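# Inside the fold
Below are the chains, spelled out letter by letter.
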Amino acid sequence: METVLEKDVYKTSRFLYILEAAFEYFISILVGGAYLAKVSAEIGLSDGLTGILTSFVSLGCGFQIIAIFLANKTPVKRWVTLLHSLNQLFFALIYLVPFIQISKTGKTVLFILFLLAGHIINNVVNSPKLNWFMSLVDDRQRGRFTANKEILSLLGGMIFSFVVGAIIDHFETLGDVNNAFIFCGFGVLGLTILHTLTLLFSKEKPIEKKEKVSIKQQLKELLKDRDLFKVILISVFWNISHYVATPFYGSYQIGALGFSMSFVAILSALYAVFRSLFSRPMGKYADKYSFAKMLNICFIIMVVAFAINTFTVPANGKIFYTAYYILYAIGMAGINSGEMNLIYDCVDREKRVGALALKSTLSGFAGFFTTLLVSPLVDKIQANGNTFLGLNVYAQQVVSALAMILTLALLIYLNTVVRKVQRKN
């Protein structure tokens, strides 16, 4: 009887969580990939630097460790809502940078500051917010609920990308890129208001006193948990494999491959459709068998995807990159959910915020510094006329090959180490 009552009480909040995730996803579209590359290109930044800036998503994750120190500050809703609104305001200011009458260096500094501040604050609140909303979901339904949440975000993002892409292309056809940036900036502000409203009207489940653990004790217990670290390394190795290549794809699309923003929107639509189609089946499979087995399938798909992109060039770009992106969408249908839920399988409820923050911190820094190390290689290949070891190749082909090899190594680790860690809950 009590369980039924709780489901009724928090039903609206779970729905608002689905909307919250959608609005946040729309904002992430406007401050990532080809959209971010448009702003950086207007400022005059190189592909290598654009790749580093794109990987700020990963660097921001590195600051989730701060969430451990905020985990016991209640109500969570109050400070999460405030900080989330602030981080999205910084994202909106990114589109203001091209209009500021200062030097290229000054614009670059502001661009980096707004982007980095937005991602850092976003990631400080991410784990507590995730724990806040996921505490309203039945543990036996986590895979399916996560899938439903992603499906709405992706389908909405598909329509959103089409509209935004068409508007940007229209302004560029008129030679008026400034209005395109103004539109995007106000778009982020409007989405911020909607996103904030979903947080304000959501309920928060009261935390029992026995669930509160001191920060010092929580960190001590987490750092001693060997099974947890085995699982966390999955996220670390995946971010290394992922961020060795994908941050450089945005500039590749609008640069060498010559994609219009409308075609980028078509790719986003295909991504949304395929990820939506596979998200719920992946969730059901994970709920029935395990999230480790689901991740095994996802990483195999990613190996094939990166292999295809190793051969993507302007001559076959639309076909090959589309094939890569579809496979990427299918793989990502399970990876984000799998990483999070593996953590939930390994730790007790009261330690989940800390465990998620620790995972995101380690994997976030791993992803960012991987991009930082690879960026000079990308710039060097381009400076040498797109040649590497005597071969006529694009830098993005080389980093795609590296991503494929690293993902293969991740598969070996998953099947020889993590699959042996038994589910505790």
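Before reading further, recall that the structure is shown in the block above.
Presented here is a report on the structure given in the accompanying data block. (Residues numbered from 1 in each chain as written. Predicted model: local features only at pLDDT ≥ 70, side-chain atom pairs only at ≥ 80, totals over all residues. Heavy atoms only, no water.)

On to the nonpolar core. Within the largest apolar cluster, 114 residues are counted, with the highest numbers of intra-cluster contacts made by Leu30, Phe111 and Phe299. Once residues lying within four places of it in the same chain are set aside, the contact partners of Leu30 are Tyr35, Tyr95, Phe160, Val164, Cys184, Gly187, Val188 and Leu191. (Core = buried A, V, L, I, M, F, W, Y, C linked by side-chain atoms within 4.5 Å. Buried < 20%, exposed > 50% of the residue type's maximum accessible area, 1.4 Å probe, protein only. Contact = heavy atoms within 4.5 Å.)

With that out of the way, let us pick up helix 13 (residues 261-288). Relative to the 40 Å expected for 28 residues at 1.5 Å per residue, helix 13 spans 40 Å between its end C-alpha atoms, a close match to the ideal helical length. Most pronounced at Ser279, the bend in helix 13 amounts to some 30°, and the proline Pro281 follows within four residues. (Helix = DSSP H or I, 4+ residues; strand = E, 2+ residues; numbered from the N terminus. Expected span 1.5 Å × (residues − 1). Bend = angle between axes of the 7 residues up to and from the residue.)

Within the structure shown, the criterion is met by 25 aromatic pairs. The interplanar angle of 45° and the centroid separation of 6.1 Å between the aromatic rings of Tyr95 and Phe181 together place this pair among those described as tilted. Of this pair, Tyr95 sits in the loop between helix 6 (76-94) and helix 7 (104-134) while Phe181 sits in helix 9 (residues 177-200), and the two are 86 residues apart along the sequence. The residues Tyr95 and Phe181 share a single accessibility class, namely buried. Residues Tyr325 and Tyr328 carry aromatic rings whose centres are separated by 6.0 Å and whose planes lie at 10° to one another, so their mutual orientation is stacked. Remark: Tyr328 and Tyr325 occur in helix 15 (residues 317-346); sequence separation between them is three residues, near one turn of the helix. Every member of this aromatic cluster is reached through a ring pair, and the members are Tyr249, Phe259, Phe263, Tyr271, Phe306, Tyr321, Tyr324, Tyr325 and Tyr328. A cation sits over an aromatic face here: Lys318 above Phe263, 4.9 Å from the ring centre. (Phe/Tyr/Trp six-rings, centres within 6.5 Å; stacked < 30°, edge-to-face > 60°. Lys NZ or Arg CZ within 6 Å of the ring centre and 35° of its normal.)

Turning next to the pattern of salt bridges. In the structure shown here, the tally under the stated rule is three salt bridges. The shortest N-O distance in the salt bridge between Lys129 and Glu20 comes to 2.6 Å. Here Lys129 is found in helix 7, whereas its partner Glu20 is found in helix 1 (residues 2-30), with 109 residues between them in sequence. Taken individually, Lys129 and Glu20 each receive the classification buried, so the pair is uniform in this respect. Between Lys38 and Glu172 there is a salt bridge; the shortest N-O distance is 2.7 Å. Of this pair, Lys38 sits in helix 2 (residues 33-43) while Glu172 sits in helix 8 (residues 142-173), and the two are 134 residues apart along the sequence. (Salt bridge = Lys/Arg side-chain N within 4 Å of Asp/Glu carboxyl O.)

Quick look at the environment of Glu172 now. On the accessibility criterion, Glu172 (30% relative accessible area) is partly exposed. Once the C-alpha coordinates of Glu172 and Met261 are considered, the two residues, 89 residues apart in sequence, prove to be 9.7 Å apart.

Leaving glycine out, the prevailing phi sign among residues is negative, and the prevailing peptide bond configuration is trans. The phi dihedral of Asn386 falls on the positive side, at around 60°, and the residue is not glycine. Tracing the backbone through its elements, the reader meets Asn386 in the loop between helix 16 (352-383) and strand 1 (387-388). We classify Asn386 as partly exposed; its relative accessible area is 21%. Unusually for a residue other than glycine, Leu389 sits at a positive phi of about 55°. When you line up the elements, Leu389 lands in the loop between strand 1 and strand 2 (391-392). The class for Leu389 is exposed, based on a relative accessible area of 75%.

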